[in-house]
Amino acid sequence: MITAINRDIMPENWYNVVPDLPEPLAPPRDSKQDVSSINLLNKILPREVLKQEFTFRRYEKIPDEVMEQYEQIGRPTPLIRAKNLEKYLDYHGKIFYKYEGATATGSHKINTAIPQAYYAMKEGVKGVTTETGAGQWGSATALAASLYGLPAQIFMVRISFEQKPLRKTVMNLYNGNVVASPSTLTEYGRKMLKEHPDTPGTLGIGISEAVEYALDHDYRYMVASVMNVALTHQSVIGQETKKQLELIGEHADVLIGCVGGGSNFGGFTFPFIPDGDETEIIATTADEVPKFSKGDYKYDLVDSAGVLPQMRMYSLGADFVPPTIYAGGLRYHGASPSLSLLINKGRIKSDEVTESQVKEALRIFANTQGIIAAPESGHAIATAINYVKAHKNENKTIVVNVSGHGMLDLSIFGEKK
Amino acid sequence: MKNLIPYFTLGYPDNTRLCRFLDIIPVEKINYIEFGFPSIDPRYDGPVIRKTHSVGNINFSGEVYSKYFDYFSRNHVKMYSLSYYSDIKDRFDEFIGYLQMNKFSGIIIPDLIIDYFNDSRKVIEKLNDMGFEYIPFFSPATPDSIIKSIASITNSWIYYGLQPSTGIEIPYELDYTTERINTLLPGREITYGFGIKTDDDIKNLMKNGGSGVAIGTYLVKMIDAGDEKGFIDYIEKMRGVLDE
């Protein structure tokens, strides 16, 4: 049973933004001429996940079993007023942060890992597989799979695998099997290793390996981000935030989040979209991966191998190999189609911040609020600080999504990128 | 009479073989027919229909089909063109003029409100002024507000694609899908397409208030095999299902 107090805050449904978009979402396109990569999804994703990917239902009921697990892993997460940060910045408005680092795995990723593993278990699949960048998604997948008794094969981007050995330990503790990607487990991985033996790896390569592994082993692929279903599951973040603000009589003037593929950002902000244009929404990326300012809004590959369908999104190109930056979760070349459409239409603004701005923001946040945020989340905090400085006298209520903690990313403070 | 709409890509598999099928269509069993004018980039079609466009581009000859257009028109079968705006936008007036000259009733433009949303209202109003039906093409990904606004400036039937592209089989909730479009557009004639092949598919759609179905991908394998009898049997069977 969900406790009564949590029941008041946790939503009963996931929210899907597609019916509320200002224009039709461009459908996925097959990546190859003579086969349907869209049809292939039937063999890659759990059936219910696939159905939810293409649904236009505005609200999708969260199964009771998933609700129970949401509570077990720490939902609802806290919405905290950052009074110390306000004071530090001499800001007379209000700053709140939604803290997804309070979940069991330390990030928002578990919000979609649980339902995807649940549906996979219900459908009796042999196991699940996925890619991970910084390791947060891999940790969430490993835990969710373990909760439902499924084996998990995780392909971790090589540079992160080398830089973050503790993440591997976490995934192993959750019974996940982790390899550096590119790996020798898949044909695509072997090909990449042969052609680019020193590659640091990319999320695109990791996705390609996981999808191939799913097809070859009758596993199902777990969707970390980009695809709409992940954003829909993540909507628990934004819906809780709305409810928590409502309970204290507050209203968000500005929402700020960071964007890798767009799942924490979409989950946090999309539930506010139907309320109109009153709330300013800002998506922050790393300036090393400037997908919104220098990327093209076009159909592009989601994975490097082109097994998955193409999607229309802002993209730096599927062959874009980003710098081995401090925030592995933001290294993805593209962004979710629904988020891309809302940025293209001007409903959501974008911002880019530098590594030094992020590190400074993380230090300020740690010193004022005591929270060591994930480097990815540091981008959102940096944008929020910049916003406050630029709008000092407007006294707005700013809400920032701190998508995860950075307790396993402390090495970024001791070395250059 | 419920709408049974067979779809053919002109020029596929070649003009002679396609004409053999057009010759034997039992016109009394269909009321609409949809002709795909071969596209250079049929981006929202599945691999089967994409192949027909790619072959059709090589073979298509307007002269071959003019007598069929006349034949269907004389037999009161309304003809609709399936054309991508990306192919016709630079010769739009000329193309619509060609269709009108050949007694087509209207046009389905699958990429108009997706890739050319800002131009879509102007294009639809122009078609209205020309007295030519624009058939709104919607899919599950079309937002509610767009369905309502586009439908409000047209009077024709609606083409609702159940799948992300032709010939695809992604699981979906039929009851919820039909209920949604019926609620958004009460009383409007809704014809369903994409991924429909069995009589059960059709029965369920009609039970939920559908006005008809369009069938394309499923016919291609009959055309490929030259299965003229199978084709006639299939059309007659589907007519029967629609009339139940």
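As the structure is a computational prediction, the values presented were derived from the model and not from experiment.

Here's the deal with the overall build of chain B
Along the backbone of chain B there are 12 helices and 9 strands. Here chain B has a C-alpha radius of gyration of 17 Å; the compact-globule value for 244 residues is 18 Å, and the two agree. Taken along the three principal axes of its C-alpha coordinates, chain B extends 45 × 40 × 35 Å. A total of 244 residues make up chain B; the buried ones form 59% of that total. By sequence separation, contacts in chain B at least 24 residues apart represent 74% of the contacts at least 6 residues apart. Surface accessibility of chain B: about 9500 Å² in total, with carbon and sulfur atoms responsible for 48%. Seen as two clouds, the 26 positive and the 34 negative side-chain charges of chain B have centres 1 Å apart.

Thoughts on the confidence of the model for chain B
For chain B, mean pLDDT is 95; residues scoring 70 or higher make up 100% of the total. Both scores are available for the predicted complex, with the pTM at 0.93 and the ipTM at 0.88.

Some words on unusual backbone geometry
Note the cis peptide between Ser181(A) and Pro182(A), where omega equals 10°. Assignment of secondary structure puts Pro182(A) in the loop between β7 (176-181) and α10 (187-195). Of note, the bond from Tyr12(B) into Pro13(B) is cis; its omega dihedral lies within 30 degrees of zero at -5°. Mapped onto the elements of the fold, Pro13(B) is located in the loop between β1 (3-9) and α1 (15-24).

Conventions adopted
- Residues numbered from 1 in each chain as written.
- Chains lettered and ligands numbered in written order.
- Predicted model: local features only at pLDDT ≥ 70, side-chain atom pairs only at ≥ 80, totals over all residues.
- Heavy atoms only, no water.
- Helix = DSSP H or I, 4+ residues; strand = E, 2+ residues; numbered from the N terminus.
- Rg over C-alpha atoms; globule rule 2.2 N^0.38 Å.
- Buried < 20%, exposed > 50% of the residue type's maximum accessible area, 1.4 Å probe, protein only.
- Contact = heavy atoms within 4.5 Å.
- Areas by Shrake-Rupley, 256 points an atom, 1.4 Å probe, with all protein chains shown as cover.
- Lys, Arg positive; Asp, Glu negative; His and termini not counted.
- Charge placed at Lys NZ, Arg CZ, Asp CG, Glu CD.
- pLDDT = per-residue confidence, 0-100.

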